[in-house]
Amino acid sequence: MDALDASKLLDEELYSRQLYVLGSPAMQRIQGARVLVSGLQGLGAEVAKNLVLMGVGSLTLHDPHPTCWSDLAAQFLLSEQDLERSRAEASQELLAQLNRAVQVVVHTGDITEDLLLDFQVVVLTAAKLEEQLKVGTLCHKHGVCFLAADTRGLVGQLFCDFGEDFTVQDPTEAEPLTAAIQHISQPPPTQGSPGILTLRKGANTHYFRDGDLVTFSGIEGMVELNDCDPRSIHVREDGSLEIGDTTTFSRYLRGGAITEVKRPKTVRHKSLDTALLQPHVVAQSSQEVHHAHCLHQAFCALHKFQHLHGRPPQPWDPVDAETVVGLARDLEPLKRTEEEPLEEPLDEALVRTVALSSAGVLSPMVAMLGAVAAQEVLKAISRKFMPLDQWLYFDALDCLPEDGELLPSPEDCALRGSRYDGQIAVFGAGFQEKLRRQHYLLVGAGAIGCELLKVFALVGLGAGNSGGLTVVDMDHIERSNLSRQFLFRSQDVGRPKAEVAAAAARGLNPDLQVIPLTYPLDPTTEHIYGDNFFSRVDGVAAALDSFQARRYVAARCTHYLKPLLEAGTSGTWGSATVFMPHVTEAYRAPASAAASEDAPYPVCTVRYFPSTAEHTLQWARHEFEELFRLSAETINHHQQAHTSLADMDEPQTLTLLKPVLGVLRVRPQNWQDCVAWALGHWKLCFHYGIKQLLRHFPPNKDTHLLYVLAAANLYAQMHGLPGSQDWTALRELLKLLPQPDPQQMAPIFASNLELASASAEFGPEQQKELNKALEVWSVGPPLKPLMFEKDDDSNFHVDFVVAAASLRCQNYGIPPVNRAQSKRIVGQIIPAIATTTAAVAGLLGLELYKVVSGPRPRSAFRHSYLHLAENYLIRYMPFAPAIQTFHHLKWTSWDRLKVPAGQPERTLESLLAHLQEQHGLRVRILLHGSALLYAAGWSPEKQAQHLPLRVTELVQQLTGQAPAPGQRVLVLELSCEGDDEDTAFPPLHYEL
């Protein structure tokens, strides 16, 4: 079918984080697509929600069935007021509110062959097998991509058929490799040897592989390679690349970049009727393949049971379950090929457990599978990323108790006319009460936080009179949040995330007891989130976007012995992890992430020897700070302090302020003055003479103009002057301005280290002249320091950094990156997409069931890592906490030594005696992160002063602060006196 008109402008602000994952071509195809979703129970609602958030052109909903109580356990678009109303009609308006750019319509008739021709992708959820076969056959016939998805309790199934000749244009999420060229050697024509390309030092040579296709750009001399057809390379042992025959080409002179060309791949899918007996399943091992085949048979048997009895099996009914096992046993054997059967035994115990728990529908399950299904729809539309081949089975049966005696009874799982009926059918009414009594802390109300709040509301976490949720987030809603953070609407932009998310969660479940807090959770607010606060918390969920914040929250959980559910995403990568006191290891940030977060490149490299686009962007970002923020703050400070600029520290301050004056000797008065300054600064930074400029950069001056335009506008903003966005007027103005003499313009940031150092020095006459100019120039109202803002595309902040970095790349022969990539790097933006956030929230919800259910062994819990672009999901048991020893003492990161203060309170001498007597420890003691309370090496006089003091008295004397009201413990750090000073003992909790 023909797609919608995709020529409409892409809303780059709304989809900014998603664009970093999919790219503009894929997004253009997505917003021109037509999709049909049939079945609007929990799974269908999740698929539809994700597609609307991600901006499909048109979404048609189909589900004429009336809403029932069990729908409310997982369908967040429905409420008690929608009972007996068509699911599709009841869901339409709320879905449309998520993204007004998407047409959301309802189809009330049957699904016919003619109807299917109107769509590029058709999705059936929770459909009968007969309906799946009918629709799947018609879609396969007409080249319409077809998906069928279903969940039964704690197991899920997804099938994809994209046709027999489906081309994936961009199979991977990674950007094409690109690297700067150092040299290309050219063998004599008589040798017939390939050209040898050497990459510039520092390039990621090990990422290129034999057989990669590449093309070239920016080469001087051997211009025949520029924009050539893709060439295959061979990687040599020394890292250089053979690039094919270059004997007839011009001699290589300098520069250029090599760029990978991605290879399209073709996928051949079978129709559903064939794939039912020859299932290709996504699995990591032969054991997983067998497990998936048994789940496949279980689903077929459940369909057979419903066909025979007109209903699904009753919750935890052993008779119905045995019937399903018998039906599975009697199914036609699966086949490896049309002729060769699979010789695999049926895991009857697995089928039985599936049947017993199959009557329910769970919010975490539909969130997880709905995210994967929506991602497959995007793959079908955009032809980006490899689709599933062809079946995916997912089960979370590990959520059930290992002890069969603890499994729920049919009576405990009977329907009650409750919004939790779908969940009670799996876990029972007793477990539902446990969920309702919980008090949980959710840190972060962004994309993952919104998805978790939805899960918490639907499962009823903290929804009882004695339960509750606390949502903590200090941020405010931005428009770019709306494509993933589905609890927010356009009218909420600018409002606190925590408050809006809490109100929206109460809308999903009116019984939810939720309190929003806008104070950050960090060391500055421990008087708010202290002992009393955490004493009321049963567990913590962290949905944070920095490892620094995660480490702090995890440390609080370790301190207070609280379970931690933690999730994160980057593009289509996601993780969901669980940390249980005394059961699993405590949270530790990945070593690579902890080391790289906020770590700048070496100053010398950035300033004098850049070799990557990241180096130039860091330099450009530093330029922004010095020119438009630090200089303004410095001048304002001296104006307010009424001090002379001549009294400034030299040469640092003068070095900072000299470029701000530039060619001006008085304050700018108008737009022309700002342009004159910007032109002069451009020459200082990038212009080594007119002849060099024309030789190196003749084709395109747009980047140079962008730099001048952006710099002039920022200079104007800093001085409170009006700017301009008129490129034509700027060109005319530049013709009228006098051109500074290139011989007098020192290249401040030249590649020569000695020249650059010399240019920064000030002689006495230069200092005198500069001070005089600064005194005149600084008279007037305070300047406006500009704080870098990455998400406002109209303020010229990103434009300046992008243009400056691009010009610096040209100066140094470095392959530049485009504006979107530059904005992501300099703004430290994490690529994000709705599907991944929904998937990790669902995975955390499954771990929540285990945490709340009561004591569980480590074998019950799962860490999960997924990569939706490459159909990768791994779930594994967390590691046990590491045991540390010192003599007779053994402990883990969850342990602590406890010493009561006593009445009357013990002295420091008494505390030391207690540690010696009870634990055999001779230690030095520090107040956590603060003052030293005791060390054996102290002089007798100092010991005599400290030992008789009460511990709290000593702490107050050393820190100037008494324990806060309500504080229950002082945390003291111990280290060994003597030979084992590096031993890290468990913390000492001095109980007040």
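Since this is a predicted model, take the numbers as computed values, not measurements.

## Regarding the packing of aromatic side chains
Reasoning step 1: Counted under the stated rule, the structure contains 26 aromatic pairs.
Reasoning step 2: When the centroid spacing of 5.6 Å and the interplanar angle of 65 degrees are considered together, the rings of Phe 624 and Phe 628 count as edge-to-face. In this pair, Phe 624 and Phe 628 are both assigned in helix H20 (residues 613-641), four residues apart and thus about one turn of the helix distant.
Reasoning step 3: An aromatic cluster is present here, built from Phe 624, Phe 628, Trp 677, Tyr 707, Tyr 715, Phe 788 and Phe 800 joined pairwise through their rings.
Reasoning step 4: Lying over the aromatic face of Phe 547, Arg 550 brings its terminal NZ or CZ to 4.8 Å of the ring centre.

## Considering the sheet that holds strand S23 (residues 863-867)
Reasoning step 1: The mixed open sheet is built from eight strands, whose spatial order is S19-S18-S17-S20-S21-S22-S23-S24. Since the sheet does not close on itself, it has two edges, and those belong to strand S19 (514-517) and strand S24 (872-876), each with one partner. Taking each pair of neighbouring strands and ignoring which way they run, the sheet shows an average axis angle of 10 degrees.
Reasoning step 2: With seven bridges connecting them, strand S21 (residues 564-570) and strand S22 (residues 573-579) associate as antiparallel partners. Each bridged residue has a counterpart across the sheet, and for Glu 566 the counterpart in S22 is Thr 577.
Reasoning step 3: Sheet contacts for helix H15 (residues 497-508): strand S18 (468-472) and S19; angle to S19, the most-contacted strand, approximately 170 degrees.
Reasoning step 4: Across the sheet, helix H30 (residues 834-853) is in contact with strand S17 (439-443), S21, S22, S23 and S24; its angle to S21 comes to roughly 165 degrees.

## A word on H15
Reasoning step 1: The end-to-end C-alpha separation of H15 is 16 Å, in line with the 16 Å expected for 12 residues at 1.5 Å each.
Reasoning step 2: Along H15, the residues that are buried comprise Lys 497, Ala 498, Val 500, Ala 501, Ala 502, Ala 505 and Leu 508.
Reasoning step 3: Among the structural elements, helix H14 (447-459), S18 and S19 are those in contact with the buried residues of H15.

## A few points about the sheet that holds strand S3 (residues 103-106)
Reasoning step 1: If you trace the seven strands from one edge of the open sheet to the other, you get S3-S2-S1-S4-S5-S6-S16, paired in mixed fashion. The open sheet is flanked by S3 and strand S16 (391-395), the only strands paired with a single partner. Adjacent strand axes in the sheet meet at a mean angle of 15 degrees, parallel and antiparallel pairs treated alike.

## Re the pairing of S22
Reasoning step 1: The buried count for S22 comes to six of seven residues, which makes it a mostly enclosed element.
Reasoning step 2: A loop of two residues connects S21 with S22, the two strands running antiparallel in sequence, and Gly 571 in this loop sits at a positive phi of about 65 degrees.
Reasoning step 3: The pairing of S22 with S23 spans four bridges and is antiparallel. If you follow Ser 575 over to S23, its bridge partner there is Tyr 865.

## Examining the environment of Glu 338
Reasoning step 1: With respect to the element layout, Glu 338 can be found in the loop between helix H9 (318-329) and helix H10 (348-356).
Reasoning step 2: The sequence separation of Glu 338 and Thr 274 amounts to 64 residues, and the corresponding C-alpha distance is 9.0 Å.

## So, the pairing of S18
Reasoning step 1: By the criterion of burial, S18 is predominantly enclosed, with five of the five residues buried.
Reasoning step 2: Covered by surrounding structure in S18 are Gly 468, Thr 470 and Val 472 together with Leu 469 and Val 471, the residues of both alternating faces.
Reasoning step 3: In this fold, the crossover linking S17 to S18 by way of H14 has right-handed handedness.
Reasoning step 4: As judged from the four bridges shared by S18 and S19, these two strands associate in the parallel manner. Within S19, the position partnered with Val 471 by the bridge is Pro 516.
Reasoning step 5: Handedness of the crossover joining S18 and S19 through H15: right-handed.

## Regarding the environment of Thr 323
Reasoning step 1: Its location among the elements puts Thr 323 in helix H9.
Reasoning step 2: The exposure class assigned to Thr 323 is partly exposed, which follows from its relative accessible area of 30%.
Reasoning step 3: A C-alpha to C-alpha distance of 9.6 Å links Thr 323 and Leu 302, two positions 21 residues apart in sequence.
Reasoning step 4: Those residues in contact with Thr 323, other than ones at most four positions away along the chain, are Phe 305 and His 309.

## Brief notes about a nonpolar patch on the surface
Reasoning step 1: Together, Tyr 865, Tyr 872 and Ile 874 give the surface a local cluster of nonpolar side chains, amounting to about 240 Å² of exposed area.
Reasoning step 2: Tracing the chain through its elements places Ile 874 in strand S24.

## Here's the deal with the packing of H14 against H15
Reasoning step 1: For the pair H14 and H15, interaxial distance at closest approach is 9 Å and the crossing angle is 35 degrees. By crossing handedness, the relation of H14 to H15 is classed as right-handed. For the pair H14 and H15, contact is made by Leu 453, Lys 454 and Ala 457 and by Ala 501, Ala 502, Ala 505 and Leu 508, respectively.
Reasoning step 2: Residue classes in the contact of H14 with H15 are distributed as six nonpolar, no polar and one charged.

## A look at the confidence of the model for the chain
Regions with low pLDDT carry predicted coordinates that are not meant to be interpreted in detail.
Reasoning step 1: On average, residues of the chain score 88 in pLDDT, and 89% of them reach the 70 mark or higher.
Reasoning step 2: This stretch, residues 688-700, has a pLDDT under 50; its non-local contacts, to residues over four places away or in other chains, come to 17 contacts.
Reasoning step 3: The low-confidence segment residues 742-760 (pLDDT under 50) makes 32 contacts with residues lying over four places distant or belonging to another chain.

## Quick word on the packing of helix H22 (residues 671-686) against helix H28 (residues 797-812)
Reasoning step 1: It is at 10 Å that the axes of H22 and H28 come closest, and there the two elements cross at 35 degrees. Here H22 runs over H28; the crossing is right-handed. Counted together, Trp 682, Cys 685 and Phe 686 of H22 and Ala 804, Leu 807, Arg 808 and Asn 811 of H28 form the full contact between these two elements.
Reasoning step 2: Partitioned by chemical class, the residues of the contact of H22 with H28 number five nonpolar, one polar and one charged.

Rules and cut-offs
- Residues numbered from 1 in each chain as written.
- Predicted model: local features only at pLDDT ≥ 70, side-chain atom pairs only at ≥ 80, totals over all residues.
- Heavy atoms only, no water.
- Phe/Tyr/Trp six-rings, centres within 6.5 Å; stacked < 30°, edge-to-face > 60°.
- Helix = DSSP H or I, 4+ residues; strand = E, 2+ residues; numbered from the N terminus.
- Lys NZ or Arg CZ within 6 Å of the ring centre and 35° of its normal.
- Pairing = 2+ DSSP bridges.
- Axes fitted to C-alpha atoms, helices over the stretch in contact; angles between N-to-C directions.
- Contact = heavy atoms within 4.5 Å.
- Expected span 1.5 Å × (residues − 1).
- Buried < 20%, exposed > 50% of the residue type's maximum accessible area, 1.4 Å probe, protein only.
- Right-handed = clockwise from strand over helix to strand, strands pointing away.
- Patch = residues over 30% accessible without salt bridge, like charges linked within 9 Å, V, L, I, M, F, W, Y side chains within 5 Å.
- Areas by Shrake-Rupley, 256 points an atom, 1.4 Å probe, with all protein chains shown as cover.
- Salt bridge = Lys/Arg side-chain N within 4 Å of Asp/Glu carboxyl O.
- Left-handed = near helix turned anticlockwise from the far one by under 90°.
- Nonpolar A, V, L, I, M, F, W, Y, C, P; charged D, E, K, R; others polar.
- pLDDT = per-residue confidence, 0-100.

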